[in-house]
Amino acid sequence: ACEEDAVNTESTPAEKAEEKPVFDKELFKRSILYNVMNMYRKNLEEATPQQIFQAASYSIKDRVIGNWMNTQKAYEKEDPKMVYYMSMEFLMGRALGNNMINLEAYQGAKEVLEELGLDINVIEDQEPDAALGNGGLGRLAACFLDSLATLGYPAYGCGIRYRYGMFKQEIRDGFQVEVPDNWLAEGNPFELRRPEYAKVVKFGGHVSVRCDENGRNHFVQEGYQAVRAIPYDLPIVGYGNGIVNTLRIWDAESMGGFQLDSFDKGDYSKAVEQENLARNLVDVLYPNDNHYAGKELRLKQQYFFISASVQEAVEKYMRKHDDIHRFPEKVTFQLNDTHPTVAIPELMRILLDEYNLGWDEAWDITTRTCAYTNHTIMAEALEKWPIDLFSRLLPRIYQIVEEINRRFVQQIEEKYAHVYNVNVQEKIRKMAILYDGQVKMAHMAIVAGYSVNGVARLHTEILKSEELRDFYEMFPERFNNKTNGITQRRFLLHGNPLLAQWVTEKVGDSWITDLPQISGLKKLADDAEAQKEFMEIKYQNKLRLAKYIKEHNDIEVDPNSIFDVQVKRLHEYKRQLMNILHVMHLYNELKAHPDMEFFPRTFIFGAKAAAGYRNAKLTIKLINTVADVVNNDASIKGKIKVVFIENYNVSNAEIIFAAADVSEQISTASKEASGTGNMKFMLNGAITLGTLDGANVEIVEEVGRENAFIFGLSSNEVIHFENNGGYDPMQIFNTDADIRKVVNQLIDGTYSADKELFRPLYNSLLNTLSTNRADTYFILKDFKSYAEAQKKVEAAYRDRSGWAKSAILNVACSGKFTSDRTIQQYVDEIWHLDKVTLQQNG
Ligand code: T68
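Because the structure is a prediction, the values reported are computed rather than measured. (Residues numbered from 1 in each chain as written. Predicted model: local features only at pLDDT ≥ 70, side-chain atom pairs only at ≥ 80, totals over all residues.)

Take the overall build of the chain next. Each helix and strand counted, the chain has 33 helices and 25 strands in total. Taking 28 Å as the expected radius of gyration for a compact globule of 842 residues, we find that the chain reaches 28 Å, a close match to that expectation. Reported as C-alpha extents along the three principal axes, the dimensions of the chain are approximately 95 × 75 × 50 Å. The burial tally for the chain puts 50% of its 842 residues in the buried class. Sequence separation of at least 24 residues holds for 76% of the intrachain contacts in the chain that already meet a minimum separation of 6. (Helix = DSSP H or I, 4+ residues; strand = E, 2+ residues; numbered from the N terminus. Rg over C-alpha atoms; globule rule 2.2 N^0.38 Å. Buried ≥ 20, exposed ≤ 12 C-beta atoms within 10 Å, placed from the backbone. Contact = placed C-beta atoms within 7 Å.)

The following block contains the structure:
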């Protein structure tokens, strides 16, 4: 397929360094026409946009395949250390545009499509998002893969090929309705099925001990149900470097042709159960973010993809090496939160039972291989599996966890038995892996990992001083911070072509792979001409979003108004409720003082709520209800518009970030581990309105407090209230008339004839439930300072030149927040990988 991949032996090394593979437009054009004909027996004129998208994708895949083979051959030859990024979620979004960008073929492809009378945006819009993730955690994994390939590091992503990804959100009568996301309906052009790497994964049954002739015990799982794991590979294209890494996602198939275990011969019902297990296993992504639901099928999913991935990693290693003890020199597993933590006992199982290593040898290998990233301090997100469920589903794995726990408890006893003032039983209660009938996955990940990292400086400090304090005391050397980042290739180069072009004109194009170079814009921040150009680009992007909103929501918005945006998962700690209460307050003000100074504002929301999260879903209904009232009240002359963008996802996110003036990052301080949307807004020249939480702290540190709007309690203040009490929302309600008015409007019929509809939201702010303090997330406490910060936003926006200056400085100071920097730190401080460079040819 790829003549252009032939090795060019004629160029000198110096020439090679200069050479850039050029995108062959004629070849691409012929290839599309050929694919349309070959796949659909059609001419271009007869083909549908979806068919042209498919044809174009296969043409691009042709160009990727040669590089993919070269890369994998180079890895084979150089035998570098590899990172396996283990994650239940990879929120990849669309592939076609991204692959064209990273092949440096986007402009050429756009021109070819134009010559064929086609709009590249229309073709890209045919592709469903690969939404195999919930939110930040899944998108972070996708950005990391992009950076790993771009920096030339050998890496695998390991995950699940869910048949249904994150649900599609429809809004009906203001309520969220979840619609299945059948993303594979038209096929997935970039994936490759790899049945030759299939693995068997075993569930349930029981463990028997067999003694061999040397008196050694062997543990065998019997009476189990087995599933076949089939890998599908997706290419991860590095930017302009010829590197193509692999995201390997596993599908489940029934054993079918495989024989049942001899033990089970003739057990028909077991065979049927086995069929069913395979059928349901990878059906759907659980749509909870920052929440643990404890579903048995979820644990099955975890063990399924982990067992297959760990088996493959060990087999791949052993194909080239003979000494399993040196495994950690060539392989490292990064566990994306606790979801993949069964990798620890699974690797132990393989080493103990299949390689017959002793416990200490196996433990040494495992603890030098596994590293863990924590993404949250929210208590309700901590994974704690009931022991009865865990041991029934994974009997051999459970035995190994018991032994890990037994030895760790012993270690606690040895360390603290004779330490003055330490209650050993208390330490065990707080730190054991098995306690109170539960398996605590975070504890296992810390005990068996060589690295534990948080995702922003503040988050890591809170882990060390609060939630994981006892572990930090015991293993201080394991703890480290890796502040998150995002890929500028997708979120600026692809998502905001106008600004990307402008940045390149001003500072050159090195920012694409070296984002700190974007600081060259600083010198233009005061330049009146540059400010004008910047604001004109922002305006064009606001027009683009306005058009999207008109098409999708049938709402007219004023592109001259301030675009004030909060897009992220819906969660009480992220405080979308505070945002909409403030909109209600502004509306009250405008109604009371029709002639007050007011700069027109468009409040834009986008958020999916977990299907079973009542208050989150009710907040969506509230936003839409307020939107209906406010948008249709002629008396306020369109000064406030409220828009809820349906089905917020990676592809519409690109359009939204590009158009934002204000970036709402208003979580209760200490609750948002990092945030990554905050970084995407900054890169696109929106100004942060936020609390000093997560990575906001570092954003403000980079851009300067004068170029952001910071408000609210500090994390220390929040933690102090949580530990010592002393916050009473009712007191605020009783003393502040503005707040009392909006809170009462939740239940007085202003917005809903059914006065009880929003009662649960009202209660969440004021009613002390038996266990919880009312207003858990300090919305009433922070409301005033939020409203004041919003006033400052308005005043600042009136000064167009001052605003442009701040916005440009935000872009200019975003260099730290590239995932390229984050990945380089993982490489230097945790993984210790070497770069692989390729001879490039086409
Ligand atoms: C997010 N976590 C953090 N979790 O909330 C965010 N949880 O602050 C951070 O920037 C981001 O991770 C990346 O580090 C999540 O997105 C989940 O999606 C999730 C999924 C399943 C179970 C629990």
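What holds strands together in a sheet is hydrogen bonding between their backbones, with the strands either parallel or antiparallel. Pairing in this open sheet of 3 strands is antiparallel, and the strands run β15-β17-β16 from one edge to the other. Pairing within the sheet leaves two strands with one partner each, and these edge strands are β15 (384-386) and β16 (434-435). The pairing of β15 with strand β17 (residues 438-440) spans 3 bridges and is antiparallel. Counted as the bridge partner of Trp 385 is Val 439 from β17. (Pairing = 2+ DSSP bridges.)

Quick look at the UniProt feature "modified residue: N6-(pyridoxal phosphate)lysine" (unreviewed entry) in the chain now. In the numbering used here, UniProt assigns the feature "modified residue: N6-(pyridoxal phosphate)lysine" (unreviewed entry) to Lys 680. Along the polypeptide, Lys 680 turns up in helix α25 (residues 677-683). Setting aside residues up to four positions removed in sequence, Lys 680 forms contacts with Ile 486, Phe 491 and Phe 657. (UniProt positions renumbered as here; feature names shortened; annotations may be inferred.)

Let us now look at the site of the ligand. In the vicinity of the ligand, 19 residues are found, and the nearest of them are Asn 134, Gly 136, Leu 137, Asp 289 and Ser 674. Looking at the shell around the ligand residue by residue, the classes come out as 5 nonpolar, 12 polar and 2 charged. Summarising the domain contributions, the shell around the ligand has at least three residues from each of domain 1 (79-94 + 129-484 + 826-831) and domain 2 (506-723 + 777-815). (Near = placed C-beta within 6 Å. Nonpolar A, V, L, I, M, F, W, Y, C, P; charged D, E, K, R; others polar. Domains from an automatic or database assignment.)

Now for the packing of helix α14 (residues 395-416) against helix α15 (residues 424-431). Two elements in contact, α14 and α15, have axes separated by 10 Å at closest approach and are oriented at 145°. In the crossing of α14 with α15, the sense of the turn from one axis to the other is right-handed. Two secondary-structure elements touch here, α14 through Val 409, Ile 412, Glu 413 and Tyr 416 and α15 through Val 424, Lys 427, Ile 428 and Met 431. Grouping the amino acids of the contact of α14 with α15 by side-chain chemistry returns 6 nonpolar, no polar and 2 charged. (Axes fitted to C-alpha atoms, helices over the stretch in contact; angles between N-to-C directions. Left-handed = near helix turned anticlockwise from the far one by under 90°.)

What follows covers the domain arrangement of the chain. Looking at the assigned domains, one finds that the chain contains domain 1 (79-94 + 129-484 + 826-831) and domain 2 (506-723 + 777-815). For domain 1 versus domain 2, the separation of C-alpha centres amounts to 36 Å. Tallying the contact residues gives 39 residues for domain 1 and 33 residues for domain 2. Those elements giving two or more residues to the side of domain 1 that touches domain 2 turn out to be β2 (90-93), α7 (136-151), β5 (168-172), β6 (175-179) and α17 (457-467). No other element matches the 5 residues that α17 contributes to the side of domain 1 that touches domain 2.

In a regular helix each residue adds 1.5 Å, so 30 residues correspond to 44 Å; helix α3 (residues 49-78) covers 43 Å between its end C-alpha atoms and thus fits that length. Asp 79 sits one or two positions beyond α3 and adopts a positive phi of about 50°. (Expected span 1.5 Å × (residues − 1).)

Read across the open sheet, the 6 strands follow the order β22-β21-β20-β23-β24-β25; overall the sheet is parallel. A single partner strand is all that each edge strand has here, and the edge strands are β22 (640-644) and β25 (709-710). Across 5 bridges, strand β21 (residues 601-606) lies against β22 in parallel orientation. The residue of β22 that forms the bridge with Phe 605 is Phe 644. The strands touched by helix α22 (residues 576-592) are β20 (562-567), β21, β22 and β23 (662-665); relative to β22, the strand with the most contacts, the crossing angle is about 155°.

Now for the UniProt feature "coiled-coil region" (unreviewed entry) in the chain. Under the feature "coiled-coil region" (unreviewed entry), the UniProt entry names residues 518-545. Between the end C-alpha atoms of residues 518-545 the distance is 25 Å, and the span holds 64% helix and 0% strand.

Turning our eyes to something else, we now look at unusual backbone geometry. In this structure, Lys 637 is a non-glycine residue whose phi angle is positive, near 55°. Along the chain, Lys 637 falls in the loop between α23 (614-631) and β22. Taking the C-beta count within 10 Å as the criterion, Lys 637 has 11 such neighbours and is therefore assigned exposed. A positive phi angle, close to 60°, is found at Phe 778, a residue other than glycine.

Time to look at the environment of Asp 595. Note that Asp 595 resides in the loop between α22 and β21. Sequence separation between Asp 595 and Ile 636 is 41 residues, and the spatial gap between their C-alpha atoms is 9.5 Å.

All right, on to the environment of Asn 102 then. Relative to the elements of secondary structure, Asn 102 occurs in helix α4 (residues 96-102). You can call Asn 102 buried: it has 28 C-beta atoms within 10 Å. Taking the C-alpha atoms as reference, Asn 102 lies 12 Å from Asn 67; in sequence the two are 35 residues apart. Not counting residues within four places of it along the chain, the set of residues in contact with Asn 102 comprises Val 237, Gly 238, Tyr 239 and Arg 489.

Across 6 bridges, strand β9 (residues 206-211) lies against strand β10 (residues 217-222) in antiparallel orientation. Within β10, the position partnered with Val 209 by the bridge is Phe 219. With antiparallel pairing between neighbouring strands as the criterion, β9 and β10 make up a hairpin whose turn holds 5 residues, including Gly 215 at a positive phi of roughly 80°.

On to the nonpolar core, then. In terms of nonpolar packing, the biggest core is built from 241 residues, with Tyr 84, Phe 304, Ala 343, Val 626 and Ile 808 touching the most fellow members. A domain split of this core shows at least three residues from each of domain 1 (79-94 + 129-484 + 826-831) and domain 2 (506-723 + 777-815). Excluding residues within four positions of it along the chain, Tyr 84 makes contact with Tyr 156, Cys 158, Ser 309, Ala 313, Val 331 and Phe 333. (Core = buried A, V, L, I, M, F, W, Y, C linked by C-beta atoms within 7 Å.)

A separate point is the pairing of β6. In terms of strand pairing, β5 meets β6 through 5 bridges, oriented antiparallel. Bridging from a neighbouring strand, Lys 168 pairs with Val 179 of β6.

This brings us to the packing of helix α21 (residues 528-553) against helix α32 (residues 800-812). Viewed as axis vectors pointing N to C, α21 and α32 meet at an angle of 80°, and their least axial separation amounts to 9 Å. As summarised for this structure, α21 and α32 are arranged roughly perpendicular, according to the angle between their axes. When α21 is examined against α32, the residues Ala 528, Ala 530, Gln 531, Phe 534 and Met 535 are found in contact with a partner set consisting of Arg 800, Ser 801, Ala 804, Lys 805, Ala 807 and Ile 808. The residue inventory of the contact of α21 with α32, partitioned by class, reads 7 nonpolar, 2 polar and 2 charged. (Parallel < 35°, antiparallel > 145°, perpendicular 65-115°, else oblique.)

The subject of this paragraph is the confidence of the model for the chain. Overall, the prediction assigns the chain a mean pLDDT of 95, with 96% of residues at 70 or greater. When the criterion is pLDDT under 50, residues 1-10 qualifies, and its contacts beyond four places in sequence or with other chains add up to 15 contacts. As scored by the predictor, the complex reaches a pTM of 0.96 and an ipTM of 0.99. (pLDDT = per-residue confidence, 0-100.)

Mapped onto the elements of the fold, Ala 807 is located in helix α32. Spatially, the C-alpha atom of Ala 807 lies 39 Å from that of Phe 333, the residues being 474 residues apart in sequence.

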